[in-house]
Amino acid sequence: MSNDYTQMWKELGLDLTAHDALLQVLGKGYQDIFLSQSDRPTGMDYFNFVMSEVHGLRIKELVDGKKEGHKIVGSYCVFVPEEIVRAADATLVGLCAGADFATEEVEKVLPRNTCALIKSAFGFKLGKVCPYLESTDMIVGENTCDGKKKSYEVLDTLVPNLYVMDLPQMKSTEGRAVLRAEYDKFKKAIEDLTGVTIDAPRLKKGIEIVNNKRKAVHRLSELRKADPVPISGLDALLINQVFFYDDPTRFTDSVNKICDELEVRVREGKGVRPKGSPRMLLSGCPMAVPNWKLPWVIETSGAVIVGEESCVGERGTRNLTDDSAATMDELMEAIVDRYFKIDCAVFTPNADRLEHVKEMSAAYKADGVIHYGLQFCQPYQIESLPVEKALENSGVPTLRVDTDYSMEDVEQIKTRVEAFVERIKMSACSACRCS
Ligand code: BJ8
């Protein structure tokens, strides 16, 4: 980190010793996993910088913005509509965490068999190591899986500013009405928080800013369809993770810039792996920073990841919000339309997701799909079986990996992934009969 942010972290109430330890682990992990890759696009320099300053400069920007009256809203789910937050000149930041922290403390308030994503979020709070969480003016918890829903009751005793948003469980007319009512309530809560009345021009502007971020990542996704693929899955995942932290306009510009570079690579037939390398689609639970374990295993086992069917990936960003309407009511309807399409496994039934995974595997010309389920995540672990069946029935080899944030199972996962990559290579060989 280029500056000394100790005073700022102290004022935010961080535990400086624990925070230092976290940054060291993060820095070392980043060095080993990201900076050791070869042939990275030069546009990744920006994202290296963002990561090196993720608890520094970005937090300073947010804290400085607060002094000028810009509120910070934290969220744990892609169902929280960023457009509404933006419309009130506030900033939405992701609070999900991807590393175990203060586990002993966490297990005093949550059962051991809670998924790592939830435990990690609590660990970052109880261990006082997350400057994003500590700088929020409002934290939005959303009623999705049972784990989150019930743990927000506990979180409410630990933070002063929790706002709980209800969400439907079924894609029915009634479910849609619940979502609309909740978004209306949320808009009002954001207006109360910021003192800004959200009118149609403001909401349109908010939609435009967030759509532009999404369009930039769509462009990136398109480029990953090329063979050879011009960017590693790890770097693409990192960009999708930074989506939740960075200033939106600067993020959009930086992604477009890297896409310009990748377009040249594609034209020239240059890739991060040789043409014909096994292409993998990742599907399942979201991966928050610094959860890079499985992608790292995959990309050091001879395969390349070409897409993520995940909330930190295409499930979270695939649809745009229609901004053509003129009235508040119509724009709110457009927002509901957009978010109601998110095919999270907490919905029942959830046939859209099965279709989407199949569509993605065809569009990205994936040779195989690796389904990532976090242990104790019932929605995604249960849904992994029909996903596997749907894919295998359409001829797409599928591997289910259930894991957590610990490194204990790395070798075991690596053995399974390597065998899966071999299976794909063998079937490609017998299909081609080149020898
Ligand atoms: S829209 S995926 S971001 S809820 S891994 S906490 S589901 S037990 S994260 Fe999610 Fe919103 Fe859905 Fe996306 Fe529960 Fe599973 Fe844990 Fe999970």
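The sections below set out a description of the structure shown in this document.

Criteria and thresholds
- Residues numbered from 1 in each chain as written.
- Predicted model: local features only at pLDDT ≥ 70, side-chain atom pairs only at ≥ 80, totals over all residues.
- Heavy atoms only, no water.
- Core = buried A, V, L, I, M, F, W, Y, C linked by side-chain atoms within 4.5 Å.
- Buried < 20%, exposed > 50% of the residue type's maximum accessible area, 1.4 Å probe, protein only.
- Contact = heavy atoms within 4.5 Å.
- Near = heavy atom within 4 Å.
- Nonpolar A, V, L, I, M, F, W, Y, C, P; charged D, E, K, R; others polar.
- Helix = DSSP H or I, 4+ residues; strand = E, 2+ residues; numbered from the N terminus.
- Expected span 1.5 Å × (residues − 1).
- Bend = angle between axes of the 7 residues up to and from the residue.
- Phe/Tyr/Trp six-rings, centres within 6.5 Å; stacked < 30°, edge-to-face > 60°.
- Lys NZ or Arg CZ within 6 Å of the ring centre and 35° of its normal.
- Axes fitted to C-alpha atoms, helices over the stretch in contact; angles between N-to-C directions.
- Parallel < 35°, antiparallel > 145°, perpendicular 65-115°, else oblique.
- Left-handed = near helix turned anticlockwise from the far one by under 90°.

1. Observations concerning the nonpolar core
Argument step 1. Ranked by size, the top nonpolar core spans 130 residues in total, and within it Phe 79, Tyr 183, Phe 186, Trp 292, Leu 294 and Ile 370 carry the most contacts.
Argument step 2. Those residues within four positions of Phe 186 in sequence are excluded, and the remaining contacts are Val 80, Pro 81, Ile 84, Val 85, Met 138, Val 140, Tyr 163 and Met 165.
Argument step 3. In this structure, Val 272, Ala 366, Val 387 and Val 396 belong to the second largest nonpolar core, which totals 13 residues.

2. Structural notes on the site of the ligand
Argument step 1. Taken together, the neighbourhood of the ligand is formed by 18 residues, with Cys 77, Cys 145, Cys 311, Cys 344 and Cys 377 sitting nearest.
Argument step 2. Residue composition of the shell around the ligand, by class: 15 nonpolar, one polar and two charged.

3. Points about helix H18 (residues 378-393)
Argument step 1. The end-to-end C-alpha separation of H18 is 23 Å, in line with the 22 Å expected for 16 residues at 1.5 Å each.
Argument step 2. The sharpest bend along H18 reaches about 30° and sits at Ser 384, with the proline Pro 386 one to four residues further on.
Argument step 3. Along H18, the residues classified as buried are Tyr 380, Glu 383, Ser 384, Val 387, Ala 390 and Leu 391.
Argument step 4. Packed against the buried residues of H18 are strand E5 (279-284), helix H15 (314-317), helix H17 (351-363), strand E7 (368-374) and strand E8 (398-403).

4. Thoughts on the packing of aromatic side chains
Argument step 1. The full count for this structure, using the stated rule, is 15 aromatic pairs.
Argument step 2. With centroids separated by 4.8 Å and ring planes inclined at 15°, the aromatic side chains of Tyr 30 and Phe 34 adopt a geometry described as stacked. With Tyr 30 and Phe 34 both in helix H2 (residues 16-35) and four residues apart, this pair spans about one turn of that helix.
Argument step 3. Considering the side-chain rings of Phe 243 and Phe 251, the 5.6 Å spacing of their centres and the 90° angle between planes classify their relative orientation as edge-to-face. Phe 251 matches Phe 243 in its accessibility class, with the two residues each being buried.
Argument step 4. Ring pairs connect the aromatic residues Tyr 46, Phe 47, Phe 243, Phe 244 and Phe 251, which therefore count as one cluster.
Argument step 5. When the ring centre of Phe 347 is taken as reference, the NZ or CZ atom of Lys 171 above it lies at 4.3 Å.
Argument step 6. Over the aromatic face of Phe 243 sits the side chain of Lys 213, whose NZ or CZ is 4.0 Å from the ring centroid.

5. Notes on the environment of Ala 303
Argument step 1. Here Ala 303 is to be found in the loop between helix H14 (293-299) and strand E6 (304-309).
Argument step 2. We classify Ala 303 as buried; its relative accessible area is 0%.
Argument step 3. Separated by 71 residues in sequence, Ala 303 and Ser 232 place their C-alpha atoms 9.9 Å apart.
Argument step 4. The residues touching Ala 303, leaving out its near neighbours within four places in the chain, are Arg 273, Pro 278, Met 280, Ile 298 and Val 421.

6. Some words on the packing of helix H11 (residues 200-223) against helix H13 (residues 248-268)
Argument step 1. Contact pair H11 / H13: the axes reach a minimum separation of 9 Å and the direction vectors enclose 20°. Relative to H13, the element H11 is oriented roughly parallel. Considering how the two elements wind past one another, H11 and H13 form a crossing that is left-handed. Seen from H11, the contacting residues are Ile 209, Asn 212, Lys 213, Ala 216, Val 217, Arg 219, Leu 220 and Leu 223; seen from H13, they are Pro 248, Thr 249, Phe 251, Thr 252, Val 255, Asn 256, Cys 259, Asp 260, Leu 262, Glu 263 and Val 266.
Argument step 2. The residue makeup of the contact of H11 with H13, split by class, is eleven nonpolar, four polar and four charged.

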